[in-house]
Structure formats: C-alpha cells, structure tokens
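Secondary and tertiary structure notes
The primary structure of each chain is shown beneath.
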Amino acid sequence: MMAQEDDDRRAWFRREILPLEPDLLAYARQFCRDGQTDPEDLVHEAFARAIACKTWREVGNPGAFATRILRNCALDALRRRKVLTITAVADFDRIEPLDEAPSAHAVLESREELRLLADAIAELPTQCRRVFTLRKVYSLSPDEIAVRLGLSVSTVEKHLVKGLRYCSEKLGRRIGRKIRVDEGRSWSARRDHDAKR
C-alpha cells in the first residue's frame, strides 16, 4: 500500500508541480540577482521538498504551494550565507509572489484533464466504476461501499486499486506526451540522466 501511495504522489508531482518549472525558474531568478545563488538549484530544491511532502493530497492550489516552497528555499539560502546584507533582505521583501490565479491555458488544461479522467472512469468495468465513483466522488469509506454494494471490504479495496492504477496510467500517458523538457537543464531531465548512469 505504501508503494501505491508513493506512485500516486509521484504521479501528482508530474501532473501538478513539474509543469510549473518555467514559471518557478523565472520567479527564482528574482532571488538570485546577486549571483550567489543559482536559480536552477533553488527550483530543484523546491521540487525535492514538494515531492517529499506527506500532505500532498491536501494541496488545493499547486501553484501557490510550489511558489511558497520556492520562496522558503530562497530564504533558507539567504540565511545560510555568513553575511546578510541589508540590501539582500530588502530585495527579498520586495519580491512579489507569483500570480496564483490559474491562467486561461491552465484552466483549459484542467478541463481537458477532467474530461480525460471522466473518460477513463467510464472505461472501467461496471463494478470497479461503481466502487471508484462512490469512493472518489461521494467520499464513502470502503466499509460503507462494501455494505451498499454487498461486497467484502477486500474486494472494494481491490477495485479501488485497479481503478486508481488505470486512471493514473491513462492520465500519466497523456500528460507525459504533453511535457517537453529542455534536456540537460530541467529537473526531470537531470534526474532521468542521473538514473541512467
């Protein structure tokens, strides 16, 4: 079950956080004008913290979440320096957070992802679809679903795992095709390159 949780968290990270990389990099550059901190290092540290977040399911606004982490990483980098200049602290306070409202493009992408998710759910076998919908849409517990559908709790859990896996894979394949990375510079490209060594 722990492996499934890790898989779900990684899928969430790829879907919600990784596509923010260009915006986060632009935001990070504002903290690095003195040349003492590398903006890419800040973004990579923010990504490492985001993917390690145990409460990722509670994140309502991934953009605001990632921005806040990045700002904290920049502040930590500033604190680690032996000498803090007054201008560095003043500059830090002047930097406005990223606009957290979703762009028109992000709204369209979210609608497209929602449509894809609905299509994936519709493709599930009937019983699996019923279990998945009762759990994810109506927030019933596995025990409540078991009573309602006349199934054992273990059967309900198997249907949930099957439904989650199918929907994650279907959405993951679609999203994986949309993300193009600048090889050698992006966090994901470096991670994949390091893994092949």
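Preceding this section is the structure that the text describes.
Throughout what follows, the structure given in this document is the object of discussion. Please read all numbers here as calculations on a predicted model, not as lab measurements. (Residues numbered from 1 in each chain as written. Predicted model: local features only at pLDDT ≥ 70, side-chain atom pairs only at ≥ 80, totals over all residues. Heavy atoms only, no water.)

Quick look at the overall build of the chain
Selection criterion: Strands here mean DSSP runs of E at least two residues long; helices mean DSSP runs of H or I at least four residues long; both are numbered from the N terminus. Each residue's exposure class comes from its accessible area (1.4 Å probe, protein chains only) as a fraction of the maximum for that residue type: buried when under 20%, exposed when over 50%, partly exposed otherwise. By definition in these notes, contact holds between two residues if any of their heavy atoms fall within 4.5 Å. We get accessible surface area from the Shrake-Rupley algorithm with a probe of 1.4 Å; when it comes to residues, only the shown protein chains can shield them.
When helices and strands are counted, the chain shows 10 helices and zero strands. Listed by position from the N terminus, the elements making up the chain come as α-α-α-α-α-α-α-α-α-α. The buried share of the chain, taken over its 197 residues, is 34%. For the chain, long-range pairs separated by at least 24 residues make up 65% of all intrachain contacts whose partners lie at least 6 apart in sequence. Surface exposure of the chain reaches about 12,500 Å², of which carbon and sulfur atoms provide 53%.

Section: the packing of aromatic side chains
For any two aromatic rings, the description comes down to two numbers: the centre-to-centre distance and the angle of the planes. Put simply, the test is: Put simply, two rings from Phe, Tyr or Trp (the six-membered ring, in Trp's case) pair if the centres are within 6.5 Å, and we call them stacked under 30 degrees between planes, edge-to-face over 60, tilted for the rest.
One pass over the structure, following the stated rule, counts three aromatic pairs. With a centroid separation of 5.6 Å and 40° between ring planes, the pair formed by Trp12 and Trp56 is classed as tilted. Here Trp56 lies in the loop between helix H3 (39-52) and helix H4 (62-80) and Trp12 lies in helix H1 (residues 2-17), a separation of 44 residues in the sequence. Summarising the burial analysis for this pair, Trp12 and Trp56 share the class buried. Cluster of aromatic residues (ring-pair linked, three or more members): Trp12, Trp56 and Phe65.

Looking at the pattern of salt bridges
Quick note on the threshold: The rule for a salt bridge is simple: a side-chain nitrogen of Lys or Arg has to be within 4 Å of a carboxyl oxygen of Asp or Glu.
Counted according to the given criterion, the structure contains six salt bridges. A salt bridge links Arg10 to Asp7; its shortest N-O distance comes to 2.7 Å. Separated by three residues within a single helix, Arg10 and Asp7 lie in helix H1, roughly one turn from each other. Classification of Asp7 as partly exposed rests on a relative accessible area of 39%. With a shortest N-O distance of 3.4 Å, Asp8 and Arg57 are connected by a salt bridge. A residue pair is termed long-range when its members are at least 10 positions apart, and Asp8 in helix H1 and Arg57 in the loop between H3 and H4 qualify at 49 residues. We classify Asp8 as buried; its relative accessible area is 10%.

What about unusual backbone geometry?
In the Ramachandran plot, Ser139 falls in the positive-phi region, its phi being about 55° despite a non-glycine side chain. On the basis of relative accessibility, which here comes to 56%, the residue Ser139 falls in the exposed class.

Structural notes on the state of the cysteines
To keep it simple, the criterion reads: Throughout, disulfides are identified as pairs of cysteine sulfur atoms within 2.5 Å of each other.
Taken as a whole and judged by the stated rule, the model has zero disulfides. With no disulfide of its own, Cys167 lies closest to Cys128 among cysteine sulfurs, the gap being 7.9 Å. For Cys167, a relative accessible area of 3% puts it in the buried group.

A word on helix H2 (residues 21-31)
Along an α-helix, residues three or four positions apart point the same way, because every turn accommodates 3.6 residues. We count it as follows: It is the directions from the helix axis to the C-beta atoms that the arc portrays.
When we look at burial in H2, the residues that qualify are Glu21, Leu24, Leu25, Tyr27, Ala28 and Phe31. The arc enclosing the buried residues of H2, seen along the axis, measures out at 165°, which places them on a common side.

What to know about the packing of helix H7 (residues 126-136) against helix H8 (residues 142-149)
So the rule is basically this: Angles shown run from 0 to 180 degrees and are taken between the N-to-C directions of axes, each axis being a line fitted to C-alpha atoms and, for helices, limited to the stretch in contact. When describing relative orientation, an angle under 35 degrees is termed roughly parallel and one over 145 degrees roughly antiparallel, while 65 to 115 degrees is termed roughly perpendicular and anything else oblique. We call a crossing left-handed when the near helix sits turned anticlockwise from the far one by less than a right angle, and right-handed when that turn is clockwise. Charged residues are taken to be Asp, Glu, Lys and Arg, nonpolar residues to be Ala, Val, Leu, Ile, Met, Phe, Trp, Tyr, Cys and Pro, and polar residues to be all remaining types, Gly included.
Running from N to C, H7 and H8 point in directions that differ by 135°, and their axes come no closer than 10 Å. Classified by the interaxial angle, the pair formed by H7 and H8 is oblique. Regarding H7 and H8, the two cross each other, and that crossing is right-handed. Contacts between H7 and H8 involve Gln127, Arg130, Val131, Leu134 and Arg135 from the first element and Pro142, Ile145, Arg148 and Leu149 from the second. Its residues assigned to classes, the contact of H7 with H8 shows five nonpolar, one polar and three charged.

Notes on the nonpolar core
Spelled out, the test is: Think of a nonpolar core as a cluster: buried Ala, Val, Leu, Ile, Met, Phe, Trp, Tyr and Cys residues, connected wherever their side-chain atoms sit within 4.5 Å.
Membership of the largest hydrophobic core comes to 26 residues, with the highest contact counts inside it found for Ile17, Leu42, Phe65 and Leu70. The set of elements that each furnish at least two residues to this core consists of H1, H2, H3 and H4. Once you skip the residues sitting within four places of it in the chain, Leu42 turns out to touch Ala28, Phe31, Cys32, Thr37, Leu70, Cys73, Ala74 and Ala77. Counting residues in hydrophobic clusters, the runner-up holds seven residues, among them Leu134, Leu140, Ile145 and Ala146.

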